[in-house]
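# Chain and residue survey
Residues per chain are reported as follows:
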Amino acid sequence: MKVAIIGQGYVGLTISAFAGEYFDVVGFDNNTKIVEQLNKGISHIEGVESSVLRSWIKAGRYRATNSVRDIADTDLVVIAVPTPLTSERKPDLTFIDAACRTIGENIKTPVLVINESTSFPGTLRNYIKPAIEKYSTSRIEHLYAISPERVDPGRSDFNQRNTPRLFAGLTPEASVKTRDFYSRFCDQLVEVSSPEVAEAAKLFENTFRQVNIALVNEFAQIAHALGISIYETLDAANTKPYGFMKFTPSAGVGGHCIPVDPTYLAAVAEENGAPATFIRRANIVNLEMSEYIVNRVQADNDGSLQGKSVLVVGVAYKPNVADVRETAAELVIKHLRDRGAVVSWHDEVVGSWHGESSAPLSGADIAIVITKHDVVSERDILASAPYIFDTTGKVAEAKGL
Ligand SMILES: NC(=O)c1ccc[n+]([C@@H]2O[C@H](COP(=O)([O-])OP(=O)(O)OC[C@H]3O[C@@H](n4cnc5c(N)ncnc54)[C@H](O)[C@@H]3O)[C@@H](O)[C@H]2O)c1
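Below or above, wherever it landed, is the structure these notes cover. (Residues numbered from 1 in each chain as written. Predicted model: local features only at pLDDT ≥ 70, side-chain atom pairs only at ≥ 80, totals over all residues. Heavy atoms only, no water.)

## Structural notes on helix H4 (residues 94-106)
- Along its 13 residues, H4 runs 18 Å from first to last C-alpha, staying within 8% of the 18 Å computed at 1.5 Å per residue.
- Turning to H4, its buried residues number three or more, namely Ile 96, Asp 97, Ala 99, Cys 100, Thr 102, Ile 103, Gly 104 and Asn 106.
- The elements touched by buried residues of H4 are strand S1 (2-6), strand S2 (24-28), strand S4 (76-79), strand S5 (112-115) and helix H5 (123-135). (Helix = DSSP H or I, 4+ residues; strand = E, 2+ residues; numbered from the N terminus. Expected span 1.5 Å × (residues − 1). Buried < 20%, exposed > 50% of the residue type's maximum accessible area, 1.4 Å probe, protein only. Contact = heavy atoms within 4.5 Å.)

## Thoughts on the packing of aromatic side chains
- As enumerated under the stated definition, the model contains nine aromatic pairs in all.
- Centre to centre, the rings of Phe 181 and Phe 185 are 5.4 Å apart; their planes meet at 85 degrees, and the pair counts as edge-to-face.
- A residue is classified by how much of its surface remains accessible, and Phe 185, at 0% relative accessible area, is buried.
- Geometrically, the ring pair formed by Trp 345 and Trp 353 is edge-to-face, given 5.7 Å between the ring centres and 80 degrees between the ring planes. The burial state of Trp 345 is the same as that of Trp 353; both residues are buried. (Phe/Tyr/Trp six-rings, centres within 6.5 Å; stacked < 30°, edge-to-face > 60°.)

## Topic: the sheet that holds S1
- Strand order in the open sheet made by the eight strands is S3-S2-S1-S4-S5-S6-S7-S8, with mixed pairing throughout. A strand with exactly one partner marks an edge of an open sheet, and here the two such strands are strand S3 (62-65) and strand S8 (189-191). Each adjacent strand pair in this sheet contributes to an overall mean axis angle of 25 degrees, direction not counted.
- Sheet topology note: the strand S7 (residues 165-169)/S8 ladder contains three bridges and is parallel. Paired with Arg 165 across the bridge in S8 is Leu 189.
- Strands in contact with helix H6 (residues 172-183) are S1, S4, S5, strand S6 (143-146), S7 and S8; relative to S7, the strand with the most contacts, it is inclined by about 150 degrees. (Pairing = 2+ DSSP bridges. Axes fitted to C-alpha atoms, helices over the stretch in contact; angles between N-to-C directions.)

## Observations regarding the sheet that holds strand S15 (residues 399-400)
- Taking strand neighbours across the sheet as the criterion, the five strands line up as S10-S9-S13-S14-S15 in an open arrangement whose pairing is parallel. The two strands at the open ends of the sheet, each matched to only one other strand, are strand S10 (342-346) and S15.
- Note that strand S9 (residues 309-313) and S10 share five bridges and pair parallel. Looking at the pairing, Val 310 lines up with Val 343 of S10.
- Helix-sheet contacts for helix H11 (residues 328-338) involve S9, S10 and strand S13 (366-369), and the interaxial angle to S9 is about 175 degrees.

## Details of the side chain of Asp 97
- You can see Asp 97 is positioned in helix H4.
- Although Asp 97 is buried, it forms no salt bridge, and the closest oppositely charged side chain is Lys 134 at an N-O distance of 4.4 Å.
- Every residue in contact with Asp 97, bar those within four places of it in the chain, is listed here: Tyr 127, Ala 131, Lys 134 and Tyr 135. (Lys, Arg positive; Asp, Glu negative; His and termini not counted. Salt bridge = Lys/Arg side-chain N within 4 Å of Asp/Glu carboxyl O.)

## Quick notes on empty space enclosed by the protein
- Tallying each qualifying case throughout the model produces one cavity of 30 Å³ or more.
- Reported here for the largest cavity is a volume of approximately 60 Å³.
- Together, Pro 148, Glu 149, Arg 150, Val 151, Asn 159, Gln 160, Thr 163, Pro 164 and Arg 165 line the largest cavity.
- Of the residues assigned to the lining of the largest cavity, the class counts are three nonpolar, three polar and three charged. (1 Å grid on protein atoms, 1.4 Å probe; cavity = no way out; pocket = protein on both sides within 12 Å on 5 of 7 lines; lining within 4 Å. Points joined across faces, edges and corners; volume = space filled by probe spheres on them. Nonpolar A, V, L, I, M, F, W, Y, C, P; charged D, E, K, R; others polar.)

## Observations regarding the packing of helix H10 (residues 277-300) against H11
- One can describe the packing of H10 onto H11 by two numbers: an axis separation of 9 Å at closest approach and a directional angle of 40 degrees. For the element pair H10 / H11, the angle class is oblique. Between H10 and H11 lies a crossing whose hand is right-handed. Counted together, Leu 287, Ser 290, Glu 291 and Val 294 of H10 and Leu 331, Val 332, His 335 and Leu 336 of H11 form the full contact between these two elements.
- Each residue belonging to the contact of H10 with H11 can be placed in one class, and the counts come to five nonpolar, two polar and one charged. (Parallel < 35°, antiparallel > 145°, perpendicular 65-115°, else oblique. Left-handed = near helix turned anticlockwise from the far one by under 90°.)

## Quick look at the site of the ligand
- Of all residues adjacent to the ligand, which total 27 residues, the nearest are Tyr 10, Val 11, Asp 29, Thr 83 and Thr 118.
- Note that an oxygen atom of the ligand is positioned 2.6 Å from one of the side-chain N or O atoms of Asp 29.
- For the ligand, a nitrogen atom lies 3.4 Å from a polar atom in the backbone of Asn 30.
- Here the ligand has 830 Å² of accessible area as a free molecule, and 92% of this is covered by the chains.
- Grouping the amino acids of the shell around the ligand by side-chain chemistry returns 14 nonpolar, nine polar and four charged. (Near = heavy atom within 4 Å. Polar contact = N/O pair within 3.5 Å; in protein donor to acceptor, adjacent residues only side chain to side chain. Areas by Shrake-Rupley, 256 points an atom, 1.4 Å probe, with all protein chains shown as cover.)

So, in C-alpha coordinates, the structure goes:
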(Lines give C-alpha, C1' and ligand atoms only; values in the text may rest on other atoms or scores of the structure.)
Protein backbone atom coordinates (compact mmCIF):
# COMPACT_ATOMS: atom_id res chain seq x y z
CA MET A 1 0.00 0.00 0.00
CA LYS A 2 1.22 3.46 -0.88
CA VAL A 3 0.87 6.15 1.78
CA ALA A 4 1.34 9.89 1.21
CA ILE A 5 2.04 12.01 4.26
CA ILE A 6 1.49 15.74 3.72
CA GLY A 7 3.85 17.73 5.94
CA GLN A 8 7.19 16.27 7.03
CA GLY A 9 7.62 18.09 10.32
CA TYR A 10 7.42 16.80 13.89
CA VAL A 11 4.24 14.85 13.29
CA GLY A 12 4.49 13.87 9.61
CA LEU A 13 8.09 12.67 9.73
CA THR A 14 7.50 10.73 12.93
CA ILE A 15 4.57 8.90 11.29
CA SER A 16 6.64 8.35 8.12
CA ALA A 17 9.41 6.70 10.15
CA PHE A 18 6.97 4.24 11.76
CA ALA A 19 4.88 3.64 8.63
CA GLY A 20 8.01 3.07 6.52
CA GLU A 21 8.45 -0.33 8.10
CA TYR A 22 5.19 -1.57 6.54
CA PHE A 23 4.18 0.71 3.65
CA ASP A 24 5.62 2.61 0.69
CA VAL A 25 5.71 6.11 2.12
CA VAL A 26 5.92 9.35 0.16
CA GLY A 27 6.62 12.32 2.40
CA PHE A 28 5.19 15.40 0.70
CA ASP A 29 6.42 18.76 1.93
CA ASN A 30 6.45 22.14 0.20
CA ASN A 31 9.74 23.09 1.84
CA THR A 32 12.39 22.19 -0.76
CA LYS A 33 15.25 22.29 1.73
CA ILE A 34 13.55 19.77 4.01
CA VAL A 35 12.78 17.51 1.04
CA GLU A 36 16.42 17.57 -0.15
CA GLN A 37 17.73 16.83 3.32
CA LEU A 38 15.28 13.99 3.90
CA ASN A 39 16.18 12.36 0.60
CA LYS A 40 19.80 12.34 1.77
CA GLY A 41 18.60 10.45 4.83
CA ILE A 42 19.07 13.37 7.22
CA SER A 43 16.33 13.79 9.80
CA HIS A 44 15.58 17.27 11.17
CA ILE A 45 13.30 16.00 13.93
CA GLU A 46 14.35 14.80 17.39
CA GLY A 47 13.24 11.23 17.92
CA VAL A 48 13.42 10.34 14.21
CA GLU A 49 16.77 8.67 13.66
CA SER A 50 18.51 9.41 10.36
CA SER A 51 19.61 5.75 10.29
CA VAL A 52 15.94 4.66 10.22
CA LEU A 53 15.19 7.05 7.35
CA ARG A 54 18.22 5.79 5.44
CA SER A 55 17.18 2.18 5.83
CA TRP A 56 13.66 2.90 4.47
CA ILE A 57 15.17 4.89 1.59
CA LYS A 58 17.55 2.02 0.81
CA ALA A 59 14.66 -0.47 0.88
CA GLY A 60 12.68 1.80 -1.49
CA ARG A 61 9.99 2.42 1.12
CA TYR A 62 10.51 6.14 1.76
CA ARG A 63 11.16 9.21 -0.29
CA ALA A 64 10.40 12.86 0.23
CA THR A 65 8.97 15.05 -2.51
CA ASN A 66 7.50 18.43 -3.26
CA SER A 67 6.03 17.28 -6.55
CA VAL A 68 2.27 16.69 -6.51
CA ARG A 69 2.68 14.06 -9.24
CA ASP A 70 4.27 11.74 -6.67
CA ILE A 71 1.13 11.51 -4.58
CA ALA A 72 -1.36 11.00 -7.43
CA ASP A 73 -1.40 7.19 -7.17
CA THR A 74 -1.53 6.88 -3.40
CA ASP A 75 -3.97 4.69 -1.43
CA LEU A 76 -4.00 6.67 1.79
CA VAL A 77 -3.17 10.29 2.67
CA VAL A 78 -2.27 11.61 6.10
CA ILE A 79 -2.54 15.38 6.68
CA ALA A 80 0.11 16.62 9.15
CA VAL A 81 0.43 20.35 8.48
CA PRO A 82 0.56 23.24 10.97
CA THR A 83 -2.58 24.65 12.56
CA PRO A 84 -1.35 27.92 14.10
CA LEU A 85 -3.21 31.04 15.21
CA THR A 86 -3.77 34.14 13.10
CA SER A 87 -2.39 37.50 14.26
CA GLU A 88 -5.77 38.02 15.99
CA ARG A 89 -5.16 34.71 17.82
CA LYS A 90 -7.93 32.90 15.93
CA PRO A 91 -7.67 29.36 14.38
CA ASP A 92 -5.71 29.54 11.13
CA LEU A 93 -6.70 26.75 8.74
CA THR A 94 -4.79 28.07 5.72
CA PHE A 95 -2.26 25.19 5.83
CA ILE A 96 -5.10 22.66 6.07
CA ASP A 97 -6.77 24.40 3.15
CA ALA A 98 -3.58 24.15 1.07
CA ALA A 99 -3.25 20.44 1.92
CA CYS A 100 -6.90 19.90 0.89
CA ARG A 101 -6.17 21.66 -2.38
CA THR A 102 -3.17 19.38 -3.03
CA ILE A 103 -5.35 16.33 -2.39
CA GLY A 104 -8.41 17.61 -4.28
CA GLU A 105 -6.55 18.68 -7.39
CA ASN A 106 -4.18 15.73 -7.68
CA ILE A 107 -5.73 12.54 -6.37
CA LYS A 108 -8.12 11.11 -8.94
CA THR A 109 -8.95 7.74 -7.38
CA PRO A 110 -10.77 7.15 -4.07
CA VAL A 111 -8.43 7.11 -1.06
CA LEU A 112 -8.63 7.27 2.71
CA VAL A 113 -7.79 10.76 3.99
CA ILE A 114 -6.75 10.85 7.66
CA ASN A 115 -6.27 14.16 9.41
CA GLU A 116 -3.64 14.22 12.18
CA SER A 117 -3.38 18.00 12.46
CA THR A 118 -4.95 19.41 15.60
CA SER A 119 -8.10 21.44 15.10
CA PHE A 120 -11.53 22.15 16.56
CA PRO A 121 -14.43 19.67 16.54
CA GLY A 122 -16.12 19.65 13.14
CA THR A 123 -12.96 20.31 11.12
CA LEU A 124 -12.96 16.94 9.34
CA ARG A 125 -16.68 16.90 8.57
CA ASN A 126 -17.36 20.58 7.87
CA TYR A 127 -14.05 21.82 6.56
CA ILE A 128 -11.67 19.15 5.22
CA LYS A 129 -14.21 17.01 3.32
CA PRO A 130 -15.98 19.97 1.67
CA ALA A 131 -12.64 21.63 0.84
CA ILE A 132 -11.24 18.52 -0.87
CA GLU A 133 -14.51 18.11 -2.79
CA LYS A 134 -14.42 21.79 -3.80
CA TYR A 135 -10.88 21.48 -5.21
CA SER A 136 -11.51 18.15 -6.90
CA THR A 137 -12.28 18.29 -10.62
CA SER A 138 -13.95 14.86 -10.65
CA ARG A 139 -16.71 13.55 -8.39
CA ILE A 140 -14.64 11.15 -6.31
CA GLU A 141 -15.94 9.84 -3.00
CA HIS A 142 -12.95 9.65 -0.67
CA LEU A 143 -13.11 8.15 2.82
CA TYR A 144 -12.35 10.46 5.75
CA ALA A 145 -11.05 9.87 9.26
CA ILE A 146 -9.38 11.73 12.11
CA SER A 147 -6.63 10.45 14.35
CA PRO A 148 -5.18 13.27 16.43
CA GLU A 149 -1.44 13.03 16.99
CA ARG A 150 -0.10 12.75 20.54
CA VAL A 151 3.64 12.73 19.82
CA ASP A 152 5.78 14.40 22.48
CA PRO A 153 9.00 15.38 20.69
CA GLY A 154 12.17 14.41 22.51
CA ARG A 155 10.39 11.81 24.65
CA SER A 156 11.74 8.27 24.51
CA ASP A 157 9.43 6.31 26.88
CA PHE A 158 6.26 6.97 24.84
CA ASN A 159 6.20 6.74 21.05
CA GLN A 160 3.86 5.83 18.20
CA ARG A 161 3.85 2.19 19.25
CA ASN A 162 2.95 2.45 22.92
CA THR A 163 0.86 5.64 23.00
CA PRO A 164 -2.84 4.75 22.65
CA ARG A 165 -4.24 6.35 19.50
CA LEU A 166 -7.72 7.84 19.22
CA PHE A 167 -9.51 7.62 15.90
CA ALA A 168 -12.92 7.89 14.24
CA GLY A 169 -14.07 7.66 10.64
CA LEU A 170 -16.81 9.67 9.02
CA THR A 171 -18.20 6.31 7.85
CA PRO A 172 -17.80 2.73 9.18
CA GLU A 173 -15.64 1.83 6.15
CA ALA A 174 -13.29 4.74 6.91
CA SER A 175 -13.02 3.56 10.54
CA VAL A 176 -12.15 -0.01 9.52
CA LYS A 177 -9.46 1.16 7.09
CA THR A 178 -8.04 3.61 9.63
CA ARG A 179 -7.74 0.84 12.21
CA ASP A 180 -6.01 -1.41 9.63
CA PHE A 181 -3.44 1.30 8.90
CA TYR A 182 -2.48 2.28 12.45
CA SER A 183 -2.69 -1.23 13.93
CA ARG A 184 0.55 -2.08 12.10
CA PHE A 185 2.60 0.31 14.19
CA CYS A 186 0.43 1.19 17.18
CA ASP A 187 -0.42 -1.30 19.94
CA GLN A 188 -3.60 0.29 21.25
CA LEU A 189 -6.27 1.90 19.11
CA VAL A 190 -9.22 3.61 20.73
CA GLU A 191 -12.19 4.17 18.43
CA VAL A 192 -14.61 6.88 19.46
CA SER A 193 -18.15 7.41 18.20
CA SER A 194 -17.52 10.46 16.01
CA PRO A 195 -14.66 12.53 14.55
CA GLU A 196 -15.86 15.42 16.71
CA VAL A 197 -15.20 13.44 19.93
CA ALA A 198 -11.64 12.64 18.77
CA GLU A 199 -11.02 16.27 17.78
CA ALA A 200 -12.42 17.58 21.08
CA ALA A 201 -10.46 15.03 23.16
CA LYS A 202 -7.19 16.19 21.63
CA LEU A 203 -7.97 19.82 22.41
CA PHE A 204 -9.08 18.98 25.93
CA GLU A 205 -5.88 17.01 26.66
CA ASN A 206 -3.76 20.06 25.91
CA THR A 207 -6.18 22.46 27.59
CA PHE A 208 -5.89 20.33 30.74
CA ARG A 209 -2.13 20.89 30.66
CA GLN A 210 -2.43 24.60 29.90
CA VAL A 211 -4.85 25.23 32.77
CA ASN A 212 -2.81 23.23 35.27
CA ILE A 213 0.41 24.96 34.23
CA ALA A 214 -1.34 28.32 34.71
CA LEU A 215 -2.56 27.21 38.14
CA VAL A 216 0.91 26.22 39.29
CA ASN A 217 2.37 29.42 37.83
CA GLU A 218 -0.14 31.46 39.81
CA PHE A 219 0.63 29.36 42.88
CA ALA A 220 4.37 30.06 42.44
CA GLN A 221 3.59 33.76 42.76
CA ILE A 222 1.43 33.16 45.84
CA ALA A 223 4.10 30.95 47.47
CA HIS A 224 6.76 33.62 46.90
CA ALA A 225 4.50 36.32 48.37
CA LEU A 226 3.97 34.12 51.45
CA GLY A 227 7.67 33.24 51.76
CA ILE A 228 7.05 29.50 51.19
CA SER A 229 9.09 27.22 48.89
CA ILE A 230 6.94 26.33 45.88
CA TYR A 231 8.94 23.18 45.17
CA GLU A 232 8.77 21.85 48.72
CA THR A 233 5.03 22.61 48.80
CA LEU A 234 4.43 20.79 45.51
CA ASP A 235 6.45 17.77 46.69
CA ALA A 236 4.44 17.76 49.89
CA ALA A 237 1.11 17.89 48.01
CA ASN A 238 2.36 15.16 45.70
CA THR A 239 2.62 12.67 48.57
CA LYS A 240 -1.17 12.34 48.32
CA PRO A 241 -1.60 9.08 46.40
CA TYR A 242 -4.83 10.10 44.60
CA GLY A 243 -6.57 13.22 43.30
CA PHE A 244 -3.40 15.24 42.72
CA MET A 245 -1.11 15.55 39.72
CA LYS A 246 2.11 17.51 40.03
CA PHE A 247 2.80 20.33 37.55
CA THR A 248 5.84 22.57 37.97
CA PRO A 249 6.11 26.35 37.44
CA SER A 250 7.96 27.88 34.52
CA ALA A 251 8.43 31.04 32.49
CA GLY A 252 5.28 30.16 30.52
CA VAL A 253 4.24 27.54 27.99
CA GLY A 254 5.73 27.08 24.54
CA GLY A 255 5.66 24.79 21.53
CA HIS A 256 3.11 24.37 18.79
CA CYS A 257 0.46 22.75 20.98
CA ILE A 258 -0.21 23.95 24.52
CA PRO A 259 -0.22 27.72 23.88
CA VAL A 260 -2.28 27.22 20.70
CA ASP A 261 -4.74 24.31 21.00
CA PRO A 262 -6.76 25.73 23.94
CA THR A 263 -7.43 28.84 21.86
CA TYR A 264 -8.94 26.58 19.16
CA LEU A 265 -11.26 25.17 21.83
CA ALA A 266 -12.10 28.62 23.22
CA ALA A 267 -12.83 29.98 19.74
CA VAL A 268 -15.24 27.19 18.82
CA ALA A 269 -16.86 27.37 22.28
CA GLU A 270 -17.51 31.10 21.98
CA GLU A 271 -18.78 30.72 18.41
CA ASN A 272 -21.34 28.31 19.82
CA GLY A 273 -22.34 30.58 22.71
CA ALA A 274 -20.45 28.73 25.47
CA PRO A 275 -18.08 30.73 27.71
CA ALA A 276 -14.39 29.77 27.78
CA THR A 277 -13.33 32.19 30.53
CA PHE A 278 -11.21 29.64 32.38
CA ILE A 279 -9.25 28.73 29.24
CA ARG A 280 -8.77 32.38 28.28
CA ARG A 281 -7.62 33.27 31.81
CA ALA A 282 -5.12 30.38 31.90
CA ASN A 283 -3.56 31.65 28.69
CA ILE A 284 -3.16 35.13 30.18
CA VAL A 285 -1.59 33.82 33.41
CA ASN A 286 0.98 31.84 31.39
CA LEU A 287 1.76 34.78 29.10
CA GLU A 288 2.21 37.09 32.12
CA MET A 289 4.80 34.83 33.80
CA SER A 290 7.54 36.38 31.64
CA GLU A 291 6.83 39.83 33.06
CA TYR A 292 6.57 38.50 36.60
CA ILE A 293 10.02 36.91 36.24
CA VAL A 294 11.58 40.08 34.84
CA ASN A 295 10.00 42.06 37.70
CA ARG A 296 11.57 39.67 40.22
CA VAL A 297 14.99 39.91 38.56
CA GLN A 298 14.77 43.70 38.42
CA ALA A 299 13.77 43.93 42.09
CA ASP A 300 16.80 41.80 43.06
CA ASN A 301 19.14 44.01 41.02
CA ASP A 302 18.72 47.44 42.63
CA GLY A 303 15.41 48.02 40.85
CA SER A 304 16.95 48.66 37.42
CA LEU A 305 18.05 46.58 34.45
CA GLN A 306 19.23 49.59 32.42
CA GLY A 307 22.57 48.80 30.73
CA LYS A 308 23.01 45.48 32.56
CA SER A 309 24.08 42.46 30.52
CA VAL A 310 21.57 39.64 30.81
CA LEU A 311 22.16 36.14 29.48
CA VAL A 312 19.02 34.09 28.83
CA VAL A 313 19.99 30.43 29.24
CA GLY A 314 17.93 28.01 27.14
CA VAL A 315 15.59 29.44 24.50
CA ALA A 316 14.00 26.19 23.29
CA TYR A 317 10.47 25.80 24.59
CA LYS A 318 11.41 22.69 26.54
CA PRO A 319 14.53 20.72 27.48
CA ASN A 320 16.51 18.70 24.94
CA VAL A 321 14.69 19.85 21.79
CA ALA A 322 15.65 22.59 19.30
CA ASP A 323 12.04 23.78 18.89
CA VAL A 324 11.61 27.50 19.66
CA ARG A 325 7.99 27.90 18.54
CA GLU A 326 6.03 30.07 21.00
CA THR A 327 8.94 29.83 23.46
CA ALA A 328 8.55 31.78 26.71
CA ALA A 329 12.12 33.06 26.18
CA GLU A 330 10.76 35.39 23.49
CA LEU A 331 8.61 37.41 25.90
CA VAL A 332 11.24 37.36 28.65
CA ILE A 333 13.78 38.85 26.21
CA LYS A 334 11.25 41.45 25.05
CA HIS A 335 10.56 42.63 28.62
CA LEU A 336 14.28 42.73 29.42
CA ARG A 337 15.04 44.82 26.32
CA ASP A 338 12.10 47.15 27.04
CA ARG A 339 13.80 47.89 30.38
CA GLY A 340 17.16 48.72 28.82
CA ALA A 341 18.98 45.43 29.48
CA VAL A 342 21.61 44.26 27.00
CA VAL A 343 20.37 40.77 26.25
CA SER A 344 22.12 37.76 24.72
CA TRP A 345 21.13 34.11 24.90
CA HIS A 346 22.82 30.75 25.20
CA ASP A 347 21.39 27.49 23.88
CA GLU A 348 23.64 24.66 22.75
CA VAL A 349 20.73 22.70 21.27
CA VAL A 350 19.12 25.58 19.33
CA GLY A 351 22.39 27.10 18.04
CA SER A 352 20.88 29.96 16.04
CA TRP A 353 17.59 31.85 16.41
CA HIS A 354 16.21 35.04 14.81
CA GLY A 355 19.50 35.36 12.88
CA GLU A 356 21.51 35.46 16.13
CA SER A 357 23.91 32.80 17.36
CA SER A 358 24.13 31.26 20.79
CA ALA A 359 26.41 33.36 23.04
CA PRO A 360 28.99 31.86 25.43
CA LEU A 361 27.71 30.74 28.80
CA SER A 362 29.76 33.31 30.72
CA GLY A 363 30.51 36.94 31.40
CA ALA A 364 27.02 38.38 32.05
CA ASP A 365 25.83 40.50 35.00
CA ILE A 366 22.66 38.43 35.24
CA ALA A 367 21.65 34.99 33.91
CA ILE A 368 18.04 33.83 33.67
CA VAL A 369 17.50 30.12 33.09
CA ILE A 370 14.40 29.51 30.97
CA THR A 371 15.12 25.98 29.74
CA LYS A 372 17.79 23.64 31.06
CA HIS A 373 18.97 21.06 28.53
CA ASP A 374 20.72 17.97 29.89
CA VAL A 375 23.92 18.91 28.01
CA VAL A 376 24.28 22.11 30.09
CA SER A 377 25.69 21.51 33.56
CA GLU A 378 24.39 23.20 36.68
CA ARG A 379 27.98 24.12 37.57
CA ASP A 380 28.52 25.96 34.26
CA ILE A 381 25.26 27.86 34.67
CA LEU A 382 26.24 28.92 38.20
CA ALA A 383 29.59 30.19 36.90
CA SER A 384 28.01 32.24 34.09
CA ALA A 385 27.05 35.34 36.13
CA PRO A 386 27.18 36.68 39.70
CA TYR A 387 23.35 36.65 39.84
CA ILE A 388 21.33 33.70 38.48
CA PHE A 389 17.54 33.44 38.38
CA ASP A 390 16.29 29.94 37.62
CA THR A 391 12.73 29.37 36.34
CA THR A 392 13.16 25.60 35.97
CA GLY A 393 13.76 24.39 39.51
CA LYS A 394 16.86 22.56 38.29
CA VAL A 395 19.62 24.89 39.46
CA ALA A 396 19.52 24.35 43.19
CA GLU A 397 21.85 27.12 44.32
CA ALA A 398 20.32 29.87 42.16
CA LYS A 399 17.54 32.28 43.05
CA GLY A 400 14.29 31.24 41.47
CA LEU A 401 10.54 30.84 41.48
N1 LIG B 1 4.75 19.05 17.32
C2 LIG B 1 4.02 18.35 18.16
O3 LIG B 1 4.50 17.96 19.20
C4 LIG B 1 2.58 17.99 17.85
C5 LIG B 1 1.95 17.03 18.63
C6 LIG B 1 0.65 16.68 18.36
C7 LIG B 1 -0.03 17.31 17.33
N8 LIG B 1 0.59 18.27 16.59
C9 LIG B 1 -0.17 18.89 15.49
O10 LIG B 1 0.26 18.33 14.27
C11 LIG B 1 0.19 19.31 13.22
C12 LIG B 1 1.55 19.47 12.58
O13 LIG B 1 2.46 19.95 13.54
P14 LIG B 1 4.03 19.77 13.41
O15 LIG B 1 4.59 20.05 14.77
O16 LIG B 1 4.36 18.49 12.75
O17 LIG B 1 4.38 20.98 12.43
P18 LIG B 1 5.80 21.27 11.72
O19 LIG B 1 5.84 22.73 11.49
O20 LIG B 1 6.90 20.61 12.46
O21 LIG B 1 5.66 20.53 10.32
C22 LIG B 1 4.74 20.86 9.37
C23 LIG B 1 5.36 20.63 8.00
O24 LIG B 1 4.34 20.83 7.04
C25 LIG B 1 4.90 21.47 5.92
N26 LIG B 1 3.80 22.09 5.20
C27 LIG B 1 3.09 23.19 5.52
N28 LIG B 1 2.13 23.39 4.61
C29 LIG B 1 2.21 22.39 3.71
C30 LIG B 1 1.50 22.06 2.54
N31 LIG B 1 0.45 22.77 2.16
N32 LIG B 1 1.88 20.99 1.84
C33 LIG B 1 2.94 20.25 2.22
N34 LIG B 1 3.65 20.51 3.33
C35 LIG B 1 3.29 21.57 4.06
C36 LIG B 1 5.94 22.41 6.49
O37 LIG B 1 6.93 22.74 5.53
C38 LIG B 1 6.50 21.57 7.65
O39 LIG B 1 7.63 20.83 7.27
C40 LIG B 1 -0.33 20.58 13.88
O41 LIG B 1 -1.72 20.62 13.74
C42 LIG B 1 0.02 20.37 15.34
O43 LIG B 1 -0.82 21.09 16.21
C44 LIG B 1 1.89 18.61 16.81
